[in-house]
Amino acid sequence: MNNRRIVIVGFMGSGKTTVAGALARQLGCPMTDLDSFIAEREGRSPAEIIQRSGEPAFRQIETEALRELLERKDTRVIALGGGTWAIKVNRALVAERDCLSVWLDAPFELCWERIVSAETVRPLAPDRATARMLYDDRRSTYQLSDRQLKVEREDSPTIVADTILNW
Ligand code: S3P
């Protein structure tokens, strides 16, 4: 996987951005978080887009942003948003670009705790029951990633990044 780009997939709160950051540090290369990329490109955060323009509009923007990001050669590690991988066309874009997709399979409780305690607004996870349904719903698509990695509360981002790099 020497020169393959790595795309981190997983539910909200699974640790995608921090693991991508740890991976990039270890590889000595830049990483891009798709949500931040969207926020820069659009001048508003994914949460604001979803709240003001609706989820379908956000999904369109997300796919365009992903396509643009994958065109760039300077990013070796990409953290997707929690719903990006659930969309077929996005999975196809990642596959076309020969990226290695890695699913951070974190338990729901851990994701939910992080969702609740984070400053980031997650409009698609307004309460536990809605988040749980989305979590269960998306597992079958996350399973379509190239690699799956179970992550637990005690696994530091550096340990998780090490495991990925040792594959
Ligand atoms: C979403 C997850 C968010 C963000 C948006 C939609 C989702 O990203 O893209 O709020 O559909 O799961 P994180 O997974 O980084 O929170």
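No experiment lies behind these values; they were computed from the predicted model shown.

1. A word on the pattern of salt bridges
For the structure shown, the criterion picks out 13 salt bridges. Linking Asp146 and Arg4 is a salt bridge whose minimum nitrogen-to-oxygen distance equals 3.9 Å. A residue pair is termed long-range when its members are at least 10 positions apart, and Asp146 in the loop between helix H7 (128–142) and strand E5 (147–150) and Arg4 in the segment before strand E1 (6–9) qualify at 142 residues. A residue is classified by how much of its surface remains accessible, and Asp146, at 41% relative accessible area, is partly exposed.

2. Overview of the nonpolar core
Within the largest apolar cluster, 51 residues are counted, with the highest numbers of intra-cluster contacts made by Ile8, Leu23, Leu34, Leu80 and Ile164. Looking at this core element by element, the count peaks at 6 residues for helix H4 (residues 55–71). Each residue touching Ile8, except ones within four places of it in the same chain, is listed here: Lys16, Ala20, Leu23, Ile78, Ala79, Leu80, Val102, Leu104 and Ile164.

3. What about the sheet that holds strand E2 (residues 31–33)?
With parallel pairing, the 5 strands of this open sheet are ordered in space as E2-E3-E1-E4-E5. The open sheet has two free edges, formed respectively by E2 and E5, since each of these has just one partner strand. The mean angle between the axes of side-by-side strands here comes to 20°, regardless of whether they run parallel or antiparallel. Direction of pairing for E1 relative to strand E3 (residues 77–79): parallel, over a ladder of 3 bridges. Following the sheet pairing, Ile8 is matched in E3 by Ala79. Lying over the sheet, helix H2 (residues 34–42) contacts E2 and E3, oriented at roughly 70° with respect to E2.

4. What about the pairing of strand E4 (residues 100–105)?
Extensive coverage of E4 is indicated by the burial of 6 of its 6 residues. Covered by surrounding structure in E4 are Leu100, Val102 and Leu104 together with Ser101, Trp103 and Asp105, the residues of both alternating faces. With 4 bridges connecting them, E1 and E4 associate as parallel partners. When the sheet's bridge partners are listed, Ile6 is paired in E4 with Leu100. One ladder, built from 4 bridges, connects E4 with E5; its direction is parallel. Bridge pairing links Asp105 to Lys150 in E5.

5. Thoughts on the side chain of Asp33
Note that Asp33 resides in strand E2. Look at Asp33: it is buried, it has no salt bridge, and the nearest opposite charge is Lys16 at 7.2 Å. A distance of 2.9 Å separates polar atoms of two side chains, one belonging to Asp33 and the other to Thr17. If near-sequence neighbours (up to four positions away) are discounted, Asp33 is found in contact with Thr17 and Ala79.

6. Here's the deal with unusual backbone geometry
Not every positive phi belongs to a glycine, and Asp98 is a case in point at roughly 55°. Looking at the secondary structure, you find Asp98 in the loop between helix H5 (88–96) and E4.

7. A short note on helix H8 (residues 157–166)
Buried residues of H8: Val160, Ala161 and Ile164, and no others. Along H8, the residues classed as buried sweep out an arc of 100° about the axis, all on the same side.

8. Things to note about the packing of aromatic side chains
Scanning all chains against the criterion turns up 4 aromatic pairs. Between Trp103 and Tyr142, the aromatic rings sit 5.7 Å apart at their centres with planes inclined by 35°, giving tilted as the arrangement. With a gap of 39 residues between them, Trp103 in strand E4 and Tyr142 in helix H7 connect regions that are remote in the sequence. Relative to Trp112, the ring of Phe108 lies with its centre 6.4 Å away and its plane at 10°, an arrangement referred to as stacked. Here the residue Phe108 and the residue Trp112 both occupy positions in helix H6 (residues 108–117), the gap between them amounting to 4 residues, near one helical turn. Overall, Phe108 belongs to the buried group, its relative accessible area being 4%.

Thresholds, definitions, all that
Residues numbered from 1 in each chain as written. Predicted model: local features only at pLDDT ≥ 70, side-chain atom pairs only at ≥ 80, totals over all residues. Heavy atoms only, no water. Salt bridge = Lys/Arg side-chain N within 4 Å of Asp/Glu carboxyl O. Helix = DSSP H or I, 4+ residues; strand = E, 2+ residues; numbered from the N terminus. Buried < 20%, exposed > 50% of the residue type's maximum accessible area, 1.4 Å probe, protein only. Core = buried A, V, L, I, M, F, W, Y, C linked by side-chain atoms within 4.5 Å. Contact = heavy atoms within 4.5 Å. Pairing = 2+ DSSP bridges. Axes fitted to C-alpha atoms, helices over the stretch in contact; angles between N-to-C directions. Lys, Arg positive; Asp, Glu negative; His and termini not counted. Polar contact = N/O pair within 3.5 Å; in protein donor to acceptor, adjacent residues only side chain to side chain. Arc of directions from axis to C-beta. Phe/Tyr/Trp six-rings, centres within 6.5 Å; stacked < 30°, edge-to-face > 60°.

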